There are 2 protein chains.
Amino acid sequence: MTRKTRLLWLTVAAATLPALAWASGASEMFTQHTLLLIVMITLADWCGWLFERLGMPELVGQIFAGIILGNLALAGVDVDVADMLRSSHFMQYSAELAVVLLLFLVGLESNMGDLLRVGPNATKVAVVGVALPVFMGVGVWHLLGQGDGVEGWFVGAMLAATSVGITAGMLGAAGLLESSSTKVILGAAVIDDVLGVMLLAVLASVVITGDFSALDLVWIVAKAVGFFLVTLFLGRKFMPQIIHVTSMNHHASFWTGFSLCLALTAAQLAAFAGLAPLIGAFVAGLLLDDVHFVVGDDFQKKRVEELLQPITNIMLTIFFVGIGAQVELQTLLDPGALKIIGSLLLVAVVSKGLSGFTVTGKGFDRLGIGLGMIPRGEVGLVFASFAFSHKVFCCEVYSALVMVVLLTTIAGPLLLKPRLKYF
Amino acid sequence: MTRKTRLLWLTVAAATLPALAWASGASEMFTQHTLLLIVMITLADWCGWLFERLGMPELVGQIFAGIILGNLALAGVDVDVADMLRSSHFMQYSAELAVVLLLFLVGLESNMGDLLRVGPNATKVAVVGVALPVFMGVGVWHLLGQGDGVEGWFVGAMLAATSVGITAGMLGAAGLLESSSTKVILGAAVIDDVLGVMLLAVLASVVITGDFSALDLVWIVAKAVGFFLVTLFLGRKFMPQIIHVTSMNHHASFWTGFSLCLALTAAQLAAFAGLAPLIGAFVAGLLLDDVHFVVGDDFQKKRVEELLQPITNIMLTIFFVGIGAQVELQTLLDPGALKIIGSLLLVAVVSKGLSGFTVTGKGFDRLGIGLGMIPRGEVGLVFASFAFSHKVFCCEVYSALVMVVLLTTIAGPLLLKPRLKYF
């Protein structure tokens, strides 16, 4: 090939390549989102698998994947994944949708009947298990010299939110779902969720109004309770008719859309009522509980959960990786951060551990119940990321809090395992 | 209640409400996206259901829902849904993802073996069925006085892309999937897809380079063919190993992520090679064809299609509604627009109808084969929206083109039905 022909070829290539990049129809947005999604999902799935093999919850592995991606700079790779996630509406809304769908599925797992039939024991465990972490959290926050402001209350609230999924999964695998101690744990976790969400609504209001009167508190709590009762009442009354009308349509695709819209509508109604969207999604999930639909061309019975699961999985991966990506590893090496993590972890374990001892009656494993309430998991993370996105915490504290949630999620199952024989 | 107390209450309410809206954690972005999703999905699902009941494809109903939402101004409702969709990265990327997932599923439906074994009859139908609409489209575009530029070629390319899904569904419902005429249609549609995508790559290059040499054409076609062959070769060689390694993981959630990442990776590779992302996704789908995975806690057999279906459904709804929303109804009342629609519809029906008569041999229904190729459906829409988003067409022409695609999609099944007895 002569020099001239080579030059000609190079010119053609140089002229054609940008044209082709454009012609490919792949916008810069498409490329960035696609590459990000591929890396996030693949890494998160494999980390989740690895952590599960090591006896830890999958969720911890997914957040670990996020921590890796968010701290690539430490390995000399100059890619700011945390910033890419923050600046993308797609990733942001997907993460918000993840929370809504997650609480919807939590609601689906909970049973309305069980919720109403929750015994005094579960109620005591839940109330003490929320009050103790809050007050101990505020106290320790004060002792740590982090101030007496609203941050301390947020920390306490975050430590109050139990994630029952991990414990329930473990008890289910051990065939202990019918034991009386398990029922106390599951019942308490449901009340816990409701109390936690109300706490969040109240605290968030404190942040913006600056000071806070008892009247506001009463108003928010009344609204939350009112929303809960009105929605449940209307839902129980009209849901059968809605399902009946909707049942004219047999496509599975239709039911995916219907379930998603139901969760979104309830979330939005809660938001309009001034509550957190997730409480609405939770109530919608409660309403749909135990509903089996006839869907699909072959009229298979499929659960709403199954239809929403693929969407929820992808969205939750984005959410968990996003949480991990915002953890700044180098800030955790600071002795101050380590002190915060250690102290809050102690509060988290002790406060929930003690809540089990409020149970009265025979045939319960009080310590086991307390230990079963330890994992904070996704619900704690929802709170922490809410506070972070509303600038209650700086990045250092947020990183420490995420680590505390992660550690409780790892510690919970480890501590509970040896107690299972007493259940 | 005294006037003073009432004032006090009003003040408290006025002060609390914005605080609550903030406290609810529902950002403006969340509210707008959520409301939009609820309306889009609900309306599209019900319109799809209604149109299906009326004997038309569901897709036509979904686009009809989009047309309603995009033309609310005509009913005096001042909400610009088309603009909301255009300005949202979430909606935009979801629509792009929809196209990738759609072509991935089309690839899954196609069978590599069938593609290689496609007979001369199917090849003839495909080639003539692509060449005729392109040249007739360019000619009619010229006769309509719309100029000789690249727009005419885009119109022709759009008229060339067959959507076999609707015809296949109809033939399947009639139990005719094994007839020799059906096999010609399905085989031709697969080649049609490949030819169409290449045509798109070439035309898009023309738009940006202004003029276009034979060398560029050869280069693009060679690259597309090369990508196709290399990917298929490497994929067939390494996919079994990849599946084998990945099979260590039994969670359904993992397989959802894996399939999605596979489609995205192939799409991105195609984009890097200067091709349309959708050709990559299509090849990835071909590679995964007939792969059944062992997934789920109960080791159920689930198809990749089933795991991706819920995500694809929601994303496709966003895509179809978005397409409909960009149709401006008032521009269609213009006599010029009506002339375009009528002429192109005639070209669309006649050109594909004639392609069937290239079939040689006995036992074929030549007219039926041609009529089976008429629906343009989603593939035609992908082309039209590509051209629109790259500003090849103004809004009026785009609206007319979407109507042509819709009408062919409605006309196809109607014309084919009486011929089914000859298959």
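Residues numbered from 1 in each chain as written. Chains lettered and ligands numbered in written order. Predicted model: local features only at pLDDT ≥ 70, side-chain atom pairs only at ≥ 80, totals over all residues.

Asker: What is the right way to look at the overall build of chain A in this model?
Answerer: Counting its regular elements, chain A contains 19 helices and two strands. Burial status across chain A gives 53% buried among its 423 residues. Taking the contacts inside chain A whose residues are at least 6 apart along the sequence as the reference set, 77% of them involve residues at least 24 apart. (Helix = DSSP H or I, 4+ residues; strand = E, 2+ residues; numbered from the N terminus. Buried ≥ 20, exposed ≤ 12 C-beta atoms within 10 Å, placed from the backbone. Contact = placed C-beta atoms within 7 Å.)

Asker: Where do I start with the packing of helix α5 (residues 89-109) of chain A against helix α5 (residues 89-109) of chain B in this structure?
Answerer: For any two helices packed against each other, one specifies the inter-axial angle together with the distance between the axes. Here α5(A) crosses α5(B) at 95°, and the two axes come no closer than 7 Å. The angle between α5(A) and α5(B) falls in the class roughly perpendicular. Contacts from His89(A), Phe90(A) and Tyr93(A) of α5(A) reach α5(B) at His89(B), Phe90(B) and Tyr93(B). Broken down by class, the residue content of the contact of α5(A) with α5(B) amounts to four nonpolar, two polar and no charged. (Axes fitted to C-alpha atoms, helices over the stretch in contact; angles between N-to-C directions. Parallel < 35°, antiparallel > 145°, perpendicular 65-115°, else oblique. Nonpolar A, V, L, I, M, F, W, Y, C, P; charged D, E, K, R; others polar.)

Asker: Sorry, what's going on with the environment of Ser385(A) here?
Answerer: Note that Ser385(A) resides in helix α18 (residues 377-389). Classification of Ser385(A) by C-beta neighbours within 10 Å gives buried; the count is 22.

Asker: What is the right way to look at the packing of helix α2 (residues 28-53) of chain B against helix α3 (residues 58-70) of chain B in this model?
Answerer: Residues and elements named next belong to chain B. Taken N-terminus to C-terminus, the directions of α2 and α3 make an angle of 135°; their axes are 7 Å apart at the nearest point. With respect to their mutual orientation, α2 and α3 come out oblique. Crossing geometry of α2 relative to α3 is assigned as right-handed. Residues Val39, Met40, Leu43, Ala44, Cys47, Gly48, Leu50, Phe51 and Glu52 of α2 form the contact with α3, whose own contacting residues are Glu58, Val60, Gly61, Gln62, Phe64, Ala65, Ile68 and Leu69. Classifying every residue of the contact of α2 with α3 gives 12 nonpolar, three polar and two charged. (Left-handed = near helix turned anticlockwise from the far one by under 90°.)

Asker: Would you take a moment to explain the environment of Gly353(A) for this structure?
Answerer: Residue and element names in this part refer to chain A. With respect to the secondary-structure elements, Gly353 resides in helix α16 (residues 335-355). A count of 20 C-beta atoms within 10 Å places Gly353 in the buried class. The spacing of Gly353 and Ile374 is 21 residues in sequence and 7.1 Å in space, taken between C-alpha atoms. Among residues more than four places away in sequence, those in contact with Gly353 are Gly370 and Leu371.

Asker: Mind showing me how you'd approach the confidence of the model for chain A here?
Answerer: Residue and element names in this part refer to chain A. Per-chain confidence: chain A averages 79 in pLDDT, with 85% of residues scoring 70 or above. In the predicted structure, residues 1-25 sits below a pLDDT of 50 and forms 26 contacts with residues beyond four places in sequence or in another chain. Between residues 294-301, whose pLDDT stays under 50, and residues either more than four places distant or in other chains, the model counts 12 contacts. Prediction confidence for the complex, expressed as pTM and ipTM, is 0.78 and 0.75 respectively. (pLDDT = per-residue confidence, 0-100.)

Asker: Would you mind showing me how to read helix α3 (residues 58-70) of chain A here?
Answerer: Since the α-helix turns once every 3.6 residues, residues separated by three or four places project in the same direction. Residues and elements named next belong to chain A. An ideal rise of 1.5 Å per residue puts 18 Å on 13 residues; α3 measures up with 19 Å between its terminal C-alpha atoms. The element α3 is extensively covered by neighbouring structure, given that 12 of its 13 residues are classed as buried. Listed in full, the buried residues belonging to α3 are Glu58, Leu59, Val60, Gly61, Gln62, Ile63, Phe64, Ala65, Gly66, Ile67, Leu69 and Gly70. Where α3 is buried, its residues touch α2 (28-53), α4 (81-87), α14 (304-325), α15 (329-332), α18 and α19 (395-416). (Expected span 1.5 Å × (residues − 1).)

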